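An overview of the molecular structure
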Amino acid sequence: PIQAILLGEVTSPNRQAELLLPGGKYVLKDFEYVEHGNAFQLNVATRFQRAVRLKPPFHVPGAPTAILPPGDFHFQFQDHNGMWQPFEAGLQDFVRDAARSAPPPAQVIYAASRGHVYILRGLHRLVDGVVNELVQTNKRTGVERSVRLLPGPAPTPSVAHPPR
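Definitions and cut-offs
- Residues numbered from 1 in each chain as written.
- Predicted model: local features only at pLDDT ≥ 70, side-chain atom pairs only at ≥ 80, totals over all residues.
- Heavy atoms only, no water.
- Helix = DSSP H or I, 4+ residues; strand = E, 2+ residues; numbered from the N terminus.
- Buried < 20%, exposed > 50% of the residue type's maximum accessible area, 1.4 Å probe, protein only.
- Pairing = 2+ DSSP bridges.
- Axes fitted to C-alpha atoms, helices over the stretch in contact; angles between N-to-C directions.
- Contact = heavy atoms within 4.5 Å.

Description of the overall build of the protein chain
Across its full length, the protein chain carries two helices and ten strands. Each helix (α) and strand (β) of the protein chain, taken in turn from the N terminus, gives the series α-β-β-β-β-β-β-α-β-β-β-β. Principal axes of the C-alpha set define a box for the protein chain whose edges measure 50 × 35 × 25 Å. When each of the 164 residues of the protein chain is scored for burial, the buried share is 40%.

Re the sheet that holds strand S5 (residues 73-78)
Neighbouring strands of a sheet are bound in pairs by backbone hydrogen bonds; such pairs are parallel or else antiparallel. A sheet is described by the order of its strands in space; here six strands give the open sequence S6-S5-S10-S9-S8-S7, paired in antiparallel fashion. Lying at the two open borders of the sheet, with one neighbouring strand each, are strand S6 (84-86) and strand S7 (107-111). Neighbour-to-neighbour, the strand axes of the sheet open up by a mean angle of 30 degrees, direction not taken into account. Here helix H2 (residues 89-99) sits on the sheet in contact with S5, S6, S7 and strand S8 (117-121), set at roughly 115 degrees to S5.

Examining the sheet that holds strand S4 (residues 49-52)
Strand order in the open sheet made by the four strands is S1-S2-S3-S4, with antiparallel pairing throughout. Of all the strands in the sheet, just strand S1 (19-20) and S4 have a single pairing partner and so form its edges. Bridge analysis of S1 against strand S2 (residues 26-29) gives two bridges, and the strand direction is antiparallel. Looking at the pairing, leucine 19 lines up with leucine 28 of S2.

Observations concerning the pairing of S2
Side-chain direction in a regular strand flips from residue to residue, so the side chains alternate between the two faces of the sheet. Linking S1 to S2, which pair antiparallel, is a turn of five residues; within it glycine 23 sits at a positive phi near 95 degrees. Pairing of S2 with strand S3 (residues 39-43), which is carried by four bridges, proceeds in the antiparallel orientation. Pairing of valine 27 across the sheet is with leucine 42, part of S3.

Quick notes on the pairing of S8
Where S7 lies against S8, five bridges are found, and the strand directions are antiparallel. If you follow isoleucine 109 over to S8, its bridge partner there is isoleucine 119. Here S7 folds back onto S8 in antiparallel fashion, the turn holding five residues, of which glycine 115 has a positive phi close to 90 degrees. As defined by bridge partners, S8 adjoins strand S9 (residues 134-138) across four bridges and the pair is classed as antiparallel. Residue pairing across strands places isoleucine 119 opposite threonine 137, the latter belonging to S9.

Shown next as structure tokens:
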């Protein structure tokens, strides 16, 4: 029942910014931005907040799609030595799915294999063909790294883990 309500709300042309969930225990805030990774759930009693995201790939009716290379493509980050490294295979799939979403989200949050949590920003700019504004930020340290999108399959990583 809640999923049906959320689906109806996401596809509504007059989506609400705030949505009280059945039972009154939770409120979704900034729901009009859920496809961009900016919505959150608020526990009314405790005031605890958690992120609310759509699982990619998703397609909001009438939303724009990214300008992507034909066929396969992959993402790379610039490591601390200035070398370009491909994302891990599982992350490649996740970020590719996010890029294929309509609309592509402004930010996605993911955890790499060593437990580091990252925020990737800029996928929404792919709608305009802008590929040079992708940035990955380590959520704990705040370190930012450039990310690029390239046509073709991902090469084999030359490092065993992502940057800190």
